[in-house]
Amino acid sequence: MSDRITSEERKTLPDSDYGLPERREYPMPDAAHVRAAEAYFRYCPEELRHRLAQAILAKAKEYGVDVKSPTVLQYAQS
């Protein structure tokens, strides 16, 4: 999968590939998209950041991505 997901590809992704599955936002089907979710974390609503941070760390572990954002790491622990 490339670093771009078409709208058709997004529709076929399972909810488990999303950082916020109930909103189908922050798709993370591969390592490149885990990095993108980390980069776009600042756009996540405050009340959802803890859940998204935890999802990013879980997917990062699955794909061998080293999360470097102190903000993501802080929200994951809070």
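The rules we used
- Residues numbered from 1 in each chain as written.
- Predicted model: local features only at pLDDT ≥ 70, side-chain atom pairs only at ≥ 80, totals over all residues.
- Heavy atoms only, no water.
- Axes fitted to C-alpha atoms, helices over the stretch in contact; angles between N-to-C directions.
- Helix = DSSP H or I, 4+ residues; strand = E, 2+ residues; numbered from the N terminus.
- Parallel < 35°, antiparallel > 145°, perpendicular 65-115°, else oblique.
- Left-handed = near helix turned anticlockwise from the far one by under 90°.
- Contact = heavy atoms within 4.5 Å.
- Nonpolar A, V, L, I, M, F, W, Y, C, P; charged D, E, K, R; others polar.
- Buried < 20%, exposed > 50% of the residue type's maximum accessible area, 1.4 Å probe, protein only.
- Arc of directions from axis to C-beta.
- Polar contact = N/O pair within 3.5 Å; in protein donor to acceptor, adjacent residues only side chain to side chain.

> Would you mind showing me how to read the packing of helix H2 (residues 31–39) against helix H3 (residues 49–63) here?
Between two packed helices, what matters for the description is the angle formed by their axes and the separation of those axes. In contact at an axis separation of 9 Å, H2 and H3 are set at 150° when each is read in the N-to-C sense. Classed by the angle they form, the pair H2 and H3 counts as roughly antiparallel. In terms of crossing hand, the pair formed by H2 and H3 is left-handed. Residues Ala31, Val34, Ala37 and Glu38 of H2 form the contact with H3, whose own contacting residues are Ile56, Lys59, Ala60 and Tyr63. Its residues assigned to classes, the contact of H2 with H3 shows 6 nonpolar, no polar and 2 charged.

> How should I be thinking about H2 in this particular structure?
Think of an α-helix as 3.6 residues a turn; residues three or four steps apart then line up on the same face. Inspection of H2 places Ala31, His33, Val34, Ala37 and Glu38 among the buried residues, and these make up the whole buried set. Looking straight down H2, one finds its buried side chains confined to an arc of 160°; they lie on one side. Structurally, the start of H2 carries an N-cap: the backbone nitrogen of Ala32 is 3.3 Å from a side-chain oxygen of Asp30.

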